[in-house]
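If you want the building blocks of each chain, they are given just below.
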Amino acid sequence: MTSRNSNEPVLPGASSALDQMKYEIASELGLSNYQQIDKGSLPSRVNGYVGGNMTKKMVAFAEQALRSGNVAQVVNSAPLDKPQQ
């Protein structure tokens, strides 16, 4: 089954790293076979836990980088989308 997700990562090549992070977090949450599970058969709450924890970890990483003075690392990692006029 192919994913219906049409979101593109901001940085080319980030998909595999994000997938790896997703599977590691799912494993930490007790979903050891998350990679093989049909995500459509899971309750949205379960998938939401995985995505929510991914977001928490990414925000924590950015906060730590900012506290350490690595502002450029955070700013350059995700260029801002400019609003369409």
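Use the structure listed above.
What to know about the environment of Glu 24
Here is step 1: Its location among the elements puts Glu 24 in helix H1 (residues 14–28).
Here is step 2: Each C-alpha atom, one on Glu 24 and one on Tyr 34, is 9.3 Å from the other, the two residues being 10 residues apart in sequence.

Some thoughts on helix H2 (residues 44–67)
Here is step 1: Between the first and last C-alpha of H2 there are 34 Å, a value that for 24 residues agrees with the 34 Å anticipated at 1.5 Å per step.
Here is step 2: Listing the buried residues of H2 in full gives Val 50, Met 54 and Ala 65.
Here is step 3: Here the buried face of H2 lies against H1 and helix H3 (71–77).

A closer look at the nonpolar core
As a rule of thumb, soluble globular proteins bury nonpolar side chains together.
Here is step 1: Listed in full, the six residues of the largest apolar core are Ala 26, Leu 31, Tyr 34, Ile 37, Leu 42 and Val 50.
Here is step 2: The residues contacting Val 50, other than those within four sequence positions of it, are Lys 22, Ile 25, Ala 26, Leu 29, Leu 31 and Tyr 34.

Analysis parameters
Residues numbered from 1 in each chain as written. Predicted model: local features only at pLDDT ≥ 70, side-chain atom pairs only at ≥ 80, totals over all residues. Heavy atoms only, no water. Helix = DSSP H or I, 4+ residues; strand = E, 2+ residues; numbered from the N terminus. Expected span 1.5 Å × (residues − 1). Buried < 20%, exposed > 50% of the residue type's maximum accessible area, 1.4 Å probe, protein only. Contact = heavy atoms within 4.5 Å. Core = buried A, V, L, I, M, F, W, Y, C linked by side-chain atoms within 4.5 Å.

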